[in-house]
Amino acid sequence: MTEKKYQRYYDLAGKASFENWESVRKSKMCGCYYCRSIFPSSDVGEEDWTPDRHGRTVLCPKCSIDSVIGDASGIPIWEDVLEELYQEKFCPTDFPIVRTERLLIRPVLEQDAADILEIRGDEDTADWAAVPCMKIIEEAKDYIVDHTEYGRGLSLVLGDEVIGLIELYAAYELSGDFMGYYMKKAHRCKGYMTEALTALRKKWTEEGEEIPMLWIYPDNFASLRVAEKSGWTYQCSHIMDINCFNQLVVLYK
(Lines give C-alpha, C1' and ligand atoms only; values in the text may rest on other atoms or scores of the structure.)
Protein backbone atom coordinates (compact mmCIF):
# COMPACT_ATOMS: atom_id res chain seq x y z
CA MET A 1 0.00 0.00 0.00
CA THR A 2 1.58 3.28 -1.15
CA GLU A 3 -1.20 5.80 -0.53
CA LYS A 4 -1.77 6.73 3.10
CA LYS A 5 -5.26 8.20 3.16
CA TYR A 6 -5.79 7.82 6.89
CA GLN A 7 -2.40 8.70 8.32
CA ARG A 8 -4.08 11.15 10.70
CA TYR A 9 -5.52 8.16 12.61
CA TYR A 10 -2.26 6.26 13.15
CA ASP A 11 -1.33 7.72 16.54
CA LEU A 12 -4.94 7.89 17.69
CA ALA A 13 -5.48 4.19 16.88
CA GLY A 14 -2.65 3.20 19.20
CA LYS A 15 -4.16 5.22 22.03
CA ALA A 16 -7.73 4.12 21.25
CA SER A 17 -6.87 0.43 21.42
CA PHE A 18 -5.16 0.65 24.84
CA GLU A 19 -7.03 0.71 28.17
CA ASN A 20 -10.15 1.22 26.07
CA TRP A 21 -12.84 -0.75 27.89
CA GLU A 22 -14.96 2.30 28.68
CA SER A 23 -14.50 3.81 25.22
CA VAL A 24 -15.59 0.58 23.52
CA ARG A 25 -18.62 0.32 25.78
CA LYS A 26 -19.66 3.84 24.71
CA SER A 27 -19.32 2.93 21.02
CA LYS A 28 -21.95 1.55 18.69
CA MET A 29 -19.58 -0.14 16.25
CA CYS A 30 -16.05 -1.44 16.71
CA GLY A 31 -13.33 -2.74 14.47
CA CYS A 32 -10.12 -4.71 14.90
CA TYR A 33 -7.20 -3.47 12.85
CA TYR A 34 -5.46 -6.84 13.11
CA CYS A 35 -8.10 -9.20 11.67
CA ARG A 36 -10.09 -6.26 10.19
CA SER A 37 -13.39 -7.50 11.59
CA ILE A 38 -16.22 -5.01 12.15
CA PHE A 39 -18.77 -5.77 14.86
CA PRO A 40 -21.18 -4.07 17.27
CA SER A 41 -19.77 -3.21 20.68
CA SER A 42 -22.25 -5.66 22.18
CA ASP A 43 -20.14 -8.49 20.69
CA VAL A 44 -17.39 -7.66 23.19
CA GLY A 45 -18.02 -10.03 26.09
CA GLU A 46 -17.25 -9.57 29.74
CA GLU A 47 -14.24 -11.87 29.30
CA ASP A 48 -12.77 -10.07 26.26
CA TRP A 49 -10.17 -7.94 27.98
CA THR A 50 -6.74 -7.99 29.52
CA PRO A 51 -5.64 -5.94 32.56
CA ASP A 52 -3.25 -3.05 32.06
CA ARG A 53 -1.69 -0.64 34.49
CA HIS A 54 -4.58 1.81 34.73
CA GLY A 55 -7.47 -0.03 33.14
CA ARG A 56 -8.70 -2.81 30.89
CA THR A 57 -7.72 -3.29 27.26
CA VAL A 58 -10.30 -4.92 25.01
CA LEU A 59 -9.40 -8.09 23.11
CA CYS A 60 -11.02 -8.68 19.76
CA PRO A 61 -13.83 -11.26 20.10
CA LYS A 62 -12.86 -12.61 16.66
CA CYS A 63 -9.06 -13.01 16.90
CA SER A 64 -8.24 -12.16 20.56
CA ILE A 65 -5.71 -9.46 19.60
CA ASP A 66 -5.66 -6.14 21.51
CA SER A 67 -6.25 -3.99 18.41
CA VAL A 68 -9.89 -2.99 18.90
CA ILE A 69 -11.08 0.58 18.33
CA GLY A 70 -14.61 1.91 18.84
CA ASP A 71 -16.31 4.69 16.92
CA ALA A 72 -16.46 6.72 20.13
CA SER A 73 -12.71 7.26 19.63
CA GLY A 74 -13.42 9.42 16.59
CA ILE A 75 -11.92 6.90 14.15
CA PRO A 76 -14.40 5.78 11.45
CA ILE A 77 -14.95 2.03 11.52
CA TRP A 78 -14.53 1.41 7.80
CA GLU A 79 -12.90 -1.53 6.03
CA ASP A 80 -10.31 0.61 4.25
CA VAL A 81 -9.40 2.41 7.47
CA LEU A 82 -8.81 -0.89 9.28
CA GLU A 83 -6.81 -2.23 6.32
CA GLU A 84 -4.51 0.80 6.28
CA LEU A 85 -4.05 0.68 10.05
CA TYR A 86 -3.15 -3.01 9.77
CA GLN A 87 -0.55 -2.26 7.12
CA GLU A 88 0.94 0.53 9.22
CA LYS A 89 0.86 -1.16 12.63
CA PHE A 90 1.68 -4.75 11.76
CA CYS A 91 3.69 -4.18 8.56
CA PRO A 92 2.93 -5.81 5.21
CA THR A 93 5.18 -8.82 5.83
CA ASP A 94 3.10 -10.06 8.76
CA PHE A 95 1.10 -13.15 7.92
CA PRO A 96 -2.51 -12.08 7.30
CA ILE A 97 -5.56 -13.55 8.91
CA VAL A 98 -7.23 -16.14 6.68
CA ARG A 99 -10.87 -17.01 7.23
CA THR A 100 -12.71 -20.07 6.01
CA GLU A 101 -16.32 -21.11 6.48
CA ARG A 102 -15.54 -22.52 9.93
CA LEU A 103 -12.00 -21.52 10.84
CA LEU A 104 -9.73 -18.61 11.59
CA ILE A 105 -6.13 -19.21 10.51
CA ARG A 106 -3.62 -16.92 12.20
CA PRO A 107 -0.08 -16.96 13.60
CA VAL A 108 0.42 -18.77 16.90
CA LEU A 109 -0.02 -16.59 19.99
CA GLU A 110 1.04 -16.83 23.63
CA GLN A 111 -2.51 -17.69 24.65
CA ASP A 112 -2.37 -20.86 22.50
CA ALA A 113 0.09 -22.62 24.81
CA ALA A 114 -2.38 -25.00 26.49
CA ASP A 115 -3.93 -26.06 23.18
CA ILE A 116 -0.51 -26.52 21.58
CA LEU A 117 0.55 -28.70 24.50
CA GLU A 118 -2.53 -30.86 23.97
CA ILE A 119 -1.87 -31.17 20.23
CA ARG A 120 1.88 -31.75 20.35
CA GLY A 121 1.70 -33.67 23.62
CA ASP A 122 -0.26 -36.49 22.03
CA GLU A 123 2.03 -39.51 21.75
CA ASP A 124 0.39 -40.87 18.60
CA THR A 125 0.76 -37.51 16.89
CA ALA A 126 4.41 -37.29 17.89
CA ASP A 127 5.06 -40.81 16.58
CA TRP A 128 3.38 -40.13 13.23
CA ALA A 129 5.29 -36.87 12.75
CA ALA A 130 8.58 -38.14 14.24
CA VAL A 131 8.76 -35.11 16.53
CA PRO A 132 9.41 -34.91 20.28
CA CYS A 133 6.29 -35.32 22.39
CA MET A 134 5.69 -32.24 24.55
CA LYS A 135 5.34 -32.89 28.27
CA ILE A 136 5.09 -29.50 30.00
CA ILE A 137 3.59 -26.09 29.24
CA GLU A 138 7.04 -24.48 29.05
CA GLU A 139 7.75 -26.54 25.93
CA ALA A 140 4.61 -25.15 24.30
CA LYS A 141 5.67 -21.61 25.21
CA ASP A 142 9.11 -22.21 23.70
CA TYR A 143 7.40 -23.55 20.58
CA ILE A 144 5.43 -20.31 20.25
CA VAL A 145 8.59 -18.22 20.52
CA ASP A 146 10.27 -20.37 17.87
CA HIS A 147 7.32 -20.23 15.47
CA THR A 148 6.21 -16.59 15.53
CA GLU A 149 8.37 -15.54 12.57
CA TYR A 150 6.30 -14.62 9.46
CA GLY A 151 3.69 -17.30 9.18
CA ARG A 152 6.05 -20.06 10.36
CA GLY A 153 3.56 -21.38 12.87
CA LEU A 154 -0.16 -21.08 12.22
CA SER A 155 -3.05 -21.87 14.53
CA LEU A 156 -6.37 -23.21 13.28
CA VAL A 157 -9.00 -21.63 15.51
CA LEU A 158 -12.55 -22.97 15.83
CA GLY A 159 -14.57 -20.62 18.01
CA ASP A 160 -12.20 -19.94 20.91
CA GLU A 161 -10.25 -23.19 20.62
CA VAL A 162 -7.03 -23.90 18.72
CA ILE A 163 -7.78 -27.27 17.12
CA GLY A 164 -4.80 -27.62 14.78
CA LEU A 165 -1.36 -26.37 13.83
CA ILE A 166 0.40 -25.80 10.52
CA GLU A 167 4.17 -25.37 10.41
CA LEU A 168 6.35 -24.08 7.58
CA TYR A 169 10.06 -24.83 7.28
CA ALA A 170 12.86 -24.24 4.82
CA ALA A 171 13.96 -27.45 3.11
CA TYR A 172 17.42 -26.54 1.88
CA GLU A 173 18.13 -29.94 0.35
CA LEU A 174 14.92 -29.61 -1.69
CA SER A 175 15.41 -25.90 -2.57
CA GLY A 176 12.07 -24.82 -1.24
CA ASP A 177 9.72 -24.66 1.72
CA PHE A 178 7.76 -27.55 3.12
CA MET A 179 4.82 -27.74 5.47
CA GLY A 180 3.56 -30.10 8.15
CA TYR A 181 0.31 -30.11 10.12
CA TYR A 182 -1.30 -31.51 13.27
CA MET A 183 -4.89 -31.82 14.45
CA LYS A 184 -6.41 -32.46 17.86
CA LYS A 185 -7.83 -35.96 18.13
CA ALA A 186 -11.35 -34.74 18.91
CA HIS A 187 -11.47 -32.74 15.67
CA ARG A 188 -10.01 -35.23 13.20
CA CYS A 189 -11.98 -36.64 10.26
CA LYS A 190 -14.22 -33.54 10.10
CA GLY A 191 -12.57 -31.85 7.13
CA TYR A 192 -10.98 -29.00 9.10
CA MET A 193 -7.42 -29.50 7.86
CA THR A 194 -8.57 -29.92 4.27
CA GLU A 195 -10.54 -26.69 4.61
CA ALA A 196 -7.51 -24.84 6.02
CA LEU A 197 -4.99 -26.13 3.48
CA THR A 198 -7.35 -25.42 0.59
CA ALA A 199 -7.77 -21.81 1.77
CA LEU A 200 -4.03 -21.31 2.19
CA ARG A 201 -3.26 -22.78 -1.23
CA LYS A 202 -5.84 -20.44 -2.80
CA LYS A 203 -4.32 -17.45 -0.98
CA TRP A 204 -0.77 -18.30 -2.09
CA THR A 205 -1.88 -18.94 -5.66
CA GLU A 206 -3.78 -15.63 -5.91
CA GLU A 207 -0.78 -13.74 -4.51
CA GLY A 208 1.66 -15.47 -6.86
CA GLU A 209 3.62 -17.02 -4.00
CA GLU A 210 5.45 -20.34 -4.11
CA ILE A 211 3.31 -23.20 -2.82
CA PRO A 212 5.12 -25.05 0.00
CA MET A 213 5.64 -28.77 -0.41
CA LEU A 214 4.04 -31.26 1.92
CA TRP A 215 6.08 -34.15 3.21
CA ILE A 216 4.17 -37.10 4.58
CA TYR A 217 5.19 -40.55 5.73
CA PRO A 218 4.04 -43.16 3.19
CA ASP A 219 1.89 -45.09 5.67
CA ASN A 220 0.07 -41.99 6.97
CA PHE A 221 -2.90 -42.58 4.71
CA ALA A 222 -5.15 -39.99 6.37
CA SER A 223 -2.63 -37.20 5.69
CA LEU A 224 -2.11 -38.41 2.13
CA ARG A 225 -5.85 -38.07 1.50
CA VAL A 226 -5.91 -34.59 3.08
CA ALA A 227 -3.06 -33.45 0.80
CA GLU A 228 -4.82 -34.65 -2.35
CA LYS A 229 -8.21 -33.20 -1.35
CA SER A 230 -6.51 -29.84 -0.70
CA GLY A 231 -5.00 -29.59 -4.17
CA TRP A 232 -1.50 -30.99 -3.69
CA THR A 233 -0.29 -33.69 -6.08
CA TYR A 234 2.23 -36.47 -5.65
CA GLN A 235 5.77 -35.61 -6.79
CA CYS A 236 8.09 -38.34 -5.60
CA SER A 237 9.40 -40.30 -2.64
CA HIS A 238 12.53 -38.99 -1.00
CA ILE A 239 14.94 -39.80 1.82
CA MET A 240 15.12 -36.84 4.20
CA ASP A 241 17.21 -36.16 7.27
CA ILE A 242 14.53 -35.71 9.95
CA ASN A 243 15.73 -35.26 13.54
CA CYS A 244 19.08 -36.80 12.60
CA PHE A 245 17.50 -39.88 11.00
CA ASN A 246 17.25 -40.68 7.31
CA GLN A 247 13.56 -41.31 6.70
CA LEU A 248 11.46 -42.04 3.63
CA VAL A 249 8.78 -39.43 2.97
CA VAL A 250 6.33 -38.75 0.17
CA LEU A 251 6.50 -35.26 -1.33
CA TYR A 252 3.44 -33.41 -2.58
CA LYS A 253 3.30 -30.04 -4.33
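Note that this is a predicted model, so its numbers are computed, not measured.

**A closer look at the nonpolar core**
Then comes step 1: Counting residues in hydrophobic clusters, the biggest one holds 33 residues, and the most contacted among them are Cys63, Ile116 and Leu165.
Then comes step 2: Setting aside its immediate chain neighbours within four residues, Cys63 contacts Cys32, Tyr34, Cys35, Leu104, Arg106, Leu109 and Gln111.
Then comes step 3: In this structure, Ile163, Ala199, Leu224 and Val250 belong to the second largest nonpolar core, which totals 28 residues.

**Side note on a negative patch on the surface**
Then comes step 1: Together, Glu138, Glu139, Asp142 and Asp146 line one region of the surface with negative charge.
Then comes step 2: Relative to the assigned elements, Asp146 resides in helix H6 (residues 137–146).

**A look at the sheet that holds strand S5 (residues 68–70)**
Then comes step 1: One open sheet accounts for three strands, arranged S2-S1-S5; its pairing is antiparallel. The outermost strands of the open sheet, each flanked by one partner alone, are strand S2 (38–40) and S5. On average, each strand axis in the sheet is inclined to that of its neighbour by 30°, with strand direction left out of account.
Then comes step 2: Pairing analysis gives three bridges linking strand S1 (residues 29–32) to S2, with the strands arranged antiparallel. Bridging across to S2, Gly31 finds its partner in Ile38.

**A short note on the packing of helix H4 (residues 113–120) against H6**
Then comes step 1: Relative to each other, H4 and H6 sit at 105°, their axes nearing to 8 Å. For the element pair H4 / H6, the angle class is roughly perpendicular. Of the residues in H6, those in contact with Ala113, Ala114, Ile116, Leu117 and Arg120 of H4 are Ile137, Ala140, Lys141, Tyr143 and Ile144.
Then comes step 2: Taken together, the residues of the contact of H4 with H6 break down into eight nonpolar, no polar and two charged.

**Considerations on the pairing of strand S11 (residues 213–216)**
Then comes step 1: Burial along S11 is two-sided: the residues Met213 and Trp215 and Leu214 and Ile216 are all buried.
Then comes step 2: The β-α-β motif built from strand S10 (residues 176–183), the intervening helix H7 (residues 192–206) and the parallel element S11 has right-handed crossover chirality.

**Some points on the pattern of salt bridges**
Then comes step 1: Following the criterion strictly, the structure yields 18 salt bridges and no others.
Then comes step 2: Between Glu195 and Arg102 there is a salt bridge, with its nearest N and O atoms 2.7 Å apart. With Glu195 in helix H7 and Arg102 in the loop between strand S6 (98–99) and strand S7 (104–107), this pair connects stretches of sequence that are 93 residues apart.
Then comes step 3: Here Glu195 falls in the buried class, since its relative accessible area comes to 17%.

**A closer look at H4**
Then comes step 1: Among the residues making up H4, those that are buried are Ala113, Asp115, Ile116, Ile119 and Arg120. One side of H4 holds all its buried residues, which, seen down the axis, span an arc of 160°.

What counts and how
Residues numbered from 1 in each chain as written. Predicted model: local features only at pLDDT ≥ 70, side-chain atom pairs only at ≥ 80, totals over all residues. Heavy atoms only, no water. Core = buried A, V, L, I, M, F, W, Y, C linked by side-chain atoms within 4.5 Å. Buried < 20%, exposed > 50% of the residue type's maximum accessible area, 1.4 Å probe, protein only. Contact = heavy atoms within 4.5 Å. Patch = residues over 30% accessible without salt bridge, like charges linked within 9 Å, V, L, I, M, F, W, Y side chains within 5 Å. Areas by Shrake-Rupley, 256 points an atom, 1.4 Å probe, with all protein chains shown as cover. Salt bridge = Lys/Arg side-chain N within 4 Å of Asp/Glu carboxyl O. Lys, Arg positive; Asp, Glu negative; His and termini not counted. Charge placed at Lys NZ, Arg CZ, Asp CG, Glu CD. Helix = DSSP H or I, 4+ residues; strand = E, 2+ residues; numbered from the N terminus. Pairing = 2+ DSSP bridges. Axes fitted to C-alpha atoms, helices over the stretch in contact; angles between N-to-C directions. Parallel < 35°, antiparallel > 145°, perpendicular 65-115°, else oblique. Nonpolar A, V, L, I, M, F, W, Y, C, P; charged D, E, K, R; others polar. Right-handed = clockwise from strand over helix to strand, strands pointing away. Arc of directions from axis to C-beta.

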